[in-house]
Structures are given as structure tokens and as C-alpha cells.
Amino acid sequence: MIITLTANPSLDRTVELAAPLVRGGVQRAASPTRQAAGKGVNVSRVLAVSGLATLAILPGDPDDQVPVRLRLDGLPHLAVPIGADLRSNITLTEPDGTTTKINEPGPALSPERQEQLASAVVEKADGASWLVLAGSLPPGVPAGFYAALTARVRAELGGRAPRIAGDGSGVPLRALFAGGPEAVPDLLKPNAEELAELTGRHDEAALEADPSRAAAAAKLLLEDGAGAVLATLGSKGAVLATRAGSWFATHAPVTARSTVGAGDSSLAGYLLAHSRGAAAPGCLRQAVAHGAAAAALPGTTLPALNQTTPDAVVVTAL
């Protein structure tokens, strides 16, 4: 069982445009869709459609559109009532795959609601194989929430604690390294921009252009306590750094239709492979295969395992 936490879920409206976006113009939507989403929810969706047991934990009242749509989709989830409407985000995708997102901040969570959410995570994570802490934090939640929750899960569950994966950005991501070794996840999944921000090494473009630089930056996070770093580099592929070595993987070119959920799919691909006993290079291979498959699908569509092509991925030791 893989548990995911999405602290700031949303109802995502994705509009696929038939022509490039023109600011100030009037354009017709080719295929608008609405879906309950958020980084952890997306990871759970990919895992579930591929046959792996998962539970998505999130805040949300029973009649909110996010839990309602999750029930309709049949995705196993636990929604903790908060007495407020969840946010709604808008994503515009252009024919060449360019994606523009407009994200609302989300409802504020009181300390009491934060404790209820954290307690639900600890309870459900007992005996799970992985816990994924993903996405932004809503207003009112301290930046160290994920770090404190990581340490709490390990302290309260001991040997029954799952491995923990972190996928966030900004201050909450940096805070994972400010709470001591017990607060650092077993796996981090930054993109190039987040890796540059975390390490102060180069910038997004430089890291995407040179996997050796990305691997060197990722190794700095290993020195700070991370067990492994899966750094996604957009269309350039991904780098995986562990204490046993580092690898770079690329996928044969695909026609990008939307980058929505590509990073979340990469993380899910890694977890799927790891759950099946794959070694580090195999986990990286499946991560890149999932990311490429997501980019090739329209709108918010997320790939099942049988829609990926790991044979099209080349893995190179660095």
C-alpha cells in the first residue's frame, strides 16, 4: 500500500487549446475537462490505474467537488472535513505542449484541522510501503509541516514506518533539511528549477542541459541526509542519485500534448518499479517512461503502466 498526502488539493479545470494562446484574444476550447487533482492525488491515480494499492489522503468536506469526483472516479481516498471550499485551478495547454497554470492559494487550515490531517496520515501510514508528501501547503500551514510530519511518522511508527517521498517546492521543500536527519525523506523528487533552488548550484536551464551537473547537485542533497534524489529535467530526461551511484535516463522523442501531471507520473513510475523489486536504474527507467507517457497524453490524462514504453528509455551510468 502506498499512501499519498495532498495538503492543498484542487478541482482542476484544464482547457486544451486548438491554437497557440493569444493574450487579450478570444479563443475556443478544444476539449475542456474538470478533475479532482493535486500532486499526491495524481500519484495515487497513476498507481491505482496500474493495479497498485493506494490511498489518497486530503482535506475536504464530503460535499466538496474534489471528494465527490474522487468517489465518482473510484479512487480510494480519505477526506478530512475542514468546513471550507477547496480551491479551483485553471490549466491551459497549447498544441505544442506549452502549459500555463493559474493556481489559487486554497483555504486556510486551522491548527486543529492540521492536527486532524496529520493524525490521519500517521494512522493510515502504519505498515504502508511508501508515504508520499506532495504539493504546496495551504494558507495557515507552517512551512515545516512536511518536515514535522516526516519526523512524527518515523517516531510514532518506528519499524512499521513507510519509506517517505517528498515532492514540493519553495520554503516547504527547503524546510525538510532544517529539521534534522529524522525529517529528511528517503526520496526527493525535485525538478530542475527546484534542484537549483535547493542547492544553489547553477540554474534550471544549466541543470537540464547537463545531467552531470544535475547529478552533482543531487549528491549535495544526499550529503544532507536524503536517501535518493530523482531529479526530473523536463524533456531532457531525469537523473537519479543514490549513495550507490548516479544514472541519467532519456526517452525517445514523443510529441508533447500536455505537461500536466508529468512530474507526478514520473514519481509514480519510480514507486511502481520499486514496489516490484526493481533496482535503482530500473526505477529510473520506469519513472522516465511514465513522465514521457504523461506528456504525450492530452489534458489531465495520466498514464497506466501499459501505456508506457520503458524499452524506449536509455539509462546511462554517470
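Residues numbered from 1 in each chain as written. Predicted model: local features only at pLDDT ≥ 70, side-chain atom pairs only at ≥ 80, totals over all residues. Heavy atoms only, no water.

A.B. asks: Is there a simple way to think about the packing of aromatic side chains in this case?
C.D. replies: Aromatic ring pairs are reported here in terms of the distance separating the ring centres and the angle at which the planes meet. The full count for this structure, using the stated rule, is one aromatic pair. Considering the side-chain rings of Phe-145 and Tyr-146, the 6.0 Å spacing of their centres and the 55° angle between planes classify their relative orientation as tilted. Under the relative-accessibility criterion, Tyr-146 is labelled buried at 3%. (Phe/Tyr/Trp six-rings, centres within 6.5 Å; stacked < 30°, edge-to-face > 60°. Buried < 20%, exposed > 50% of the residue type's maximum accessible area, 1.4 Å probe, protein only.)

A.B. asks: Please clarify how the nonpolar core should be interpreted in this entry.
C.D. replies: Generally speaking, nonpolar side chains in soluble globular proteins are found buried as a group. By size, the foremost hydrophobic cluster in this structure holds 58 residues, and its most contacted members are Leu-5, Phe-145, Tyr-146, Leu-149 and Val-153. Setting aside residues up to four positions removed in sequence, Val-153 forms contacts with Val-121, Val-122, Leu-131, Gly-158, Ala-161, Pro-162 and Ile-164. The next biggest cluster of nonpolar side chains, apart from the first, holds 28 residues, and it includes Ala-228, Ala-238, Leu-284 and Val-313. (Core = buried A, V, L, I, M, F, W, Y, C linked by side-chain atoms within 4.5 Å. Contact = heavy atoms within 4.5 Å.)

A.B. asks: Sorry, what's going on with helix H6 (residues 192-199) here?
C.D. replies: Note: α-helices contain 3.6 residues per turn, so residues at a spacing of three or four share the same orientation. H6 sits mainly inside the fold: six of its eight residues count as buried. Ala-192, Glu-194, Leu-195, Ala-196, Leu-198 and Thr-199 are the residues of H6 that are buried. Where H6 begins, one side-chain oxygen reaches toward the backbone nitrogen of Glu-193, 3.2 Å away; that side chain belongs to Asn-191. Looking at the residues trailing H6, positive phi occurs at Gly-200, about 70°. (Helix = DSSP H or I, 4+ residues; strand = E, 2+ residues; numbered from the N terminus. Polar contact = N/O pair within 3.5 Å; in protein donor to acceptor, adjacent residues only side chain to side chain.)

A.B. asks: Just checking my understanding: could you explain the side chain of Gln-114 for this structure?
C.D. replies: Along the chain, Gln-114 falls in helix H3 (residues 111-125). Judged by relative accessible area, which is 10%, Gln-114 ranks as buried. Only 2.9 Å separates the side chain of Gln-114 from the backbone oxygen of Leu-109, close enough to count as a polar contact. When neighbours within four sequence positions are excluded, Gln-114 is seen to be in contact with Leu-109, Gly-140, Val-141, Pro-142 and Phe-145.

A.B. asks: What exactly am I supposed to notice about empty space enclosed by the protein here?
C.D. replies: Left-over empty space is what a probe sized like a water molecule reveals as it rolls over the atoms. A full pass over the atoms with the stated rule returns one cavity of 30 Å³ or more. The wall of the largest cavity is formed by Leu-133, Gly-135, Tyr-146, Gly-166, Asp-167, Gly-168, Ser-169, Pro-172, Leu-173 and Leu-176. Among the secondary structure elements, those contributing two or more residues to the lining of the largest cavity are strand E9 (163-167) and helix H5 (170-175). When grouped by side-chain class, the residues that make up the lining of the largest cavity number five nonpolar, four polar and one charged. (1 Å grid on protein atoms, 1.4 Å probe; cavity = no way out; pocket = protein on both sides within 12 Å on 5 of 7 lines; lining within 4 Å. Points joined across faces, edges and corners; volume = space filled by probe spheres on them. Nonpolar A, V, L, I, M, F, W, Y, C, P; charged D, E, K, R; others polar.)

A.B. asks: Mind showing me how you'd approach the UniProt feature "domain: Carbohydrate kinase PfkB" (unreviewed entry) in the protein chain here?
C.D. replies: UniProt's feature table lists "domain: Carbohydrate kinase PfkB" (unreviewed entry) at residues 10-303, given in the numbering used throughout. Secondary structure content for residues 10-303 is 38% helix and 21% strand, and the end C-alpha separation is 20 Å. (UniProt positions renumbered as here; feature names shortened; annotations may be inferred.)

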